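Here are the chains, one letter per residue:
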Amino acid sequence: MKILVVGGGGREHAIIKKLKENKEVNTVFALPGNGGIAKDATCVPIGACEIEKIVEFSKKENIDYAVIAPDDPLVLGLVDALEEVNIPCFGPNKNAAIIEGSKVFSKNLMKKYNIPTASYEVFCDMEKALEFLDTAPIPTVIKADGLALGKGVTIAFTREEAKKAVKEAMEDKKFGKSGDNIVIEEFLEGPEVSVLAFTDGTCVKPMVSSMDHKRSGDNDTGLNTGGMGTVAPNPYYTDEIAKICMDTIFMPTINAMNKEGRTFKGCLYFGLMLTKNGPKVIEYNCRFGDPETQVVLPLLESDLLTAMMATTNGTLKDTEIKIKKGNACCVIMASDGYPVSYKKGFEITIPESINDSVYVAGAALKEGKLLTSGGRVLGVTSIDDTLEGAIKKSYEKVKTISFENAYYRNDIGQRALKADGGK
Ligand code: AMP
Ligand code: GLY
């Protein structure tokens, strides 16, 4: 089979490596891929949002199945465009990807269908938002409506901070049109859990739960990033909580999307907070998470391509999704200075013996050398019977990889190790 994977980060590398475990997969194209992915797929320099070029390329190459990994092409309607030329895809149609593409949409959906989430108000008028903030409970959370490269959320601990965030979004247009509307919501507290689930629009089958580490510094200090490391399973996510989530969040969301005429198929990512009043939705993503995928897929026992195609064909009910026993830990190695500014172009050396554990995110090939080209450079994943073992193995491997200006957190997984059953 000829498979196309759209995207070019660590998540896409993890997807490609897992897809290639299926013997039917003989060609994988990555659009655009990256210098590290080039070891495992044919990279083609077409951007993930160049819809017409992707369609043209897919027709020319007779692609059998296309996996659309990032949020923006999904929100732009790449799946619809490929389906129009009869290329089956993994991922939601445009009218369902809105669940990530618009926070106003997802909050209103949850309210309409009684899906637990933080209480909120929507504003399209800046003066009204500022007036609301004069009396809103503090801390409060300001969210730009549209996609904002993961930077559209501000947790404000003072009224001044909250007002500044509103002005930056609505007056200074920091996020462009994404900030035309904003959501101001209740500040929730509790452990966070990411659950990635396959769905064909009828049934939903979650993969192993995971925990992201979003802040740039140790002990959750510093700026928010795309994610500096992950562990799976998430120890706070007990079987009891999983059942509550299935009954009050996962199935109700799938049903709600159907009722709205926006059937969702692909991978639905539930960003949850386990509050003292029960699990609540912090965000939905219409895709695999990054770097959650780098721990979730290595723990997937079942064949990935079969599971993906079942979401497309509506046969997920009859497809077993088996999870391996054990724990996984992924440590992200970044360029020092990320997520603000950083130097790039440094040569990366990775011992051949650990290649299977490495997912490359920001690297380019130049004259046969792998050079850093992004903020998050690569992720190193290990599996072990214990979480402690997985963490130890990953850090041992990290120490064997070198590039100038490398930065990583030293405490990935420590919070999970201390977790005591959700208390
Ligand atoms: P998001 O981009 O929606 O994932 O938000 C980024 C991060 O902000 C989340 O992972 C949470 O840690 C935090 N966050 C978002 N919404 C809330 C909320 N209502 N209360 C507390 N923290 C939140
Ligand atoms: N790791 C969070 C995300 O993929 O959005």
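Structure first, text after, so check above.
Below is a summary of the structure that appears in this document. In this text the structure is predicted, and so the values were computed from the model without any measurement.

Conventions adopted
- Residues numbered from 1 in each chain as written.
- Chains lettered and ligands numbered in written order.
- Predicted model: local features only at pLDDT ≥ 70, side-chain atom pairs only at ≥ 80, totals over all residues.
- Heavy atoms only, no water.
- Core = buried A, V, L, I, M, F, W, Y, C linked by side-chain atoms within 4.5 Å.
- Buried < 20%, exposed > 50% of the residue type's maximum accessible area, 1.4 Å probe, protein only.
- Helix = DSSP H or I, 4+ residues; strand = E, 2+ residues; numbered from the N terminus.
- Contact = heavy atoms within 4.5 Å.
- Salt bridge = Lys/Arg side-chain N within 4 Å of Asp/Glu carboxyl O.
- Near = heavy atom within 4 Å.
- Polar contact = N/O pair within 3.5 Å; in protein donor to acceptor, adjacent residues only side chain to side chain.
- Areas by Shrake-Rupley, 256 points an atom, 1.4 Å probe, with all protein chains shown as cover.
- Pairing = 2+ DSSP bridges.
- Axes fitted to C-alpha atoms, helices over the stretch in contact; angles between N-to-C directions.

By size, the foremost hydrophobic cluster in this structure holds 73 residues, and its most contacted members are L4, I99, F250, F270, L272 and I401. For this core, the element with the highest residue contribution is helix α9 (residues 239-259), accounting for seven residues. Aside from chain neighbours lying at most four places away, what touches I99 is F105, S106, L109, T253, M257, F264, L268, Y284 and C286.

This part is about the pattern of salt bridges. Considering all chains together, one arrives at 25 salt bridges under this definition. Between K2 and E61 there is a salt bridge, with its nearest N and O atoms 3.1 Å apart. Of the two residues, K2 sits in strand β1 (residues 2-7) while E61 sits in the loop between α2 (51-60) and β4 (65-68), which places them 59 residues apart along the sequence. The exposure class of K2 is partly exposed, given its relative accessible area of 25%.

Our next topic: the site of ligand 2. In the neighbourhood of ligand 2, the contacting residues comprise D212, G226, Y269, N285, R287, G289, D290, P291 and E292. At a separation of 2.9 Å, a nitrogen atom of ligand 2 approaches a polar backbone atom of D290. A distance of 2.8 Å separates a nitrogen atom of ligand 2 from a polar side-chain atom of E292. Expressed as a share of its isolated accessible area of 200 Å², the protein-covered part of ligand 2 is 88%.

Attention now goes to the site of ligand 1. Every one of the 15 residues lining ligand 1 counts as a neighbour, but E185, E186, L188, E192 and E283 are closest to it. E185 is positioned with one of its side-chain polar atoms (N or O) 2.7 Å from a nitrogen atom of ligand 1. Between E283 and ligand 1, the recorded distance is 2.8 Å, taken from a side-chain N or O atom to an oxygen atom. Summarising the interface, the protein chains cover 90% of the accessible area of ligand 1, which totals 470 Å² for the free molecule. Among the secondary structure elements, those contributing two or more residues to the shell around ligand 1 are β7 (140-144), β8 (153-156), β9 (182-186) and β17 (278-285).

To continue, consider unusual backbone geometry. For the peptide bond that leads from I138 to P139, omega is 0°, which places it in the cis range. Among the structural elements, P139 can be located in the loop between α7 (126-133) and β7. Its identity as a non-glycine residue notwithstanding, N86 has a phi of 65°, on the positive side. Relative to the assigned elements, N86 resides in the loop between α4 (78-84) and β5 (89-90). A relative accessible area of 69% means that N86 is categorised as exposed.

Right, let's talk about the sheet that holds strand β2 (residues 27-32) for a bit. In space, the five strands of this open sheet follow the order β3-β2-β1-β4-β5, with parallel pairing throughout. A strand with exactly one partner marks an edge of an open sheet, and here the two such strands are β3 (42-43) and β5. Judged from the six bridges that link them, β1 and β2 form a sheet pairing that is parallel. Considered in β2, the bridge of V5 is made with A30. Across the sheet, α2 touches β1 and β2, and the angle it forms with β1 is around 165°. Where helix α11 (residues 304-313) meets the sheet, its contacts fall on β1, β4 and β5, and the angle it forms with β4 comes to roughly 90°.

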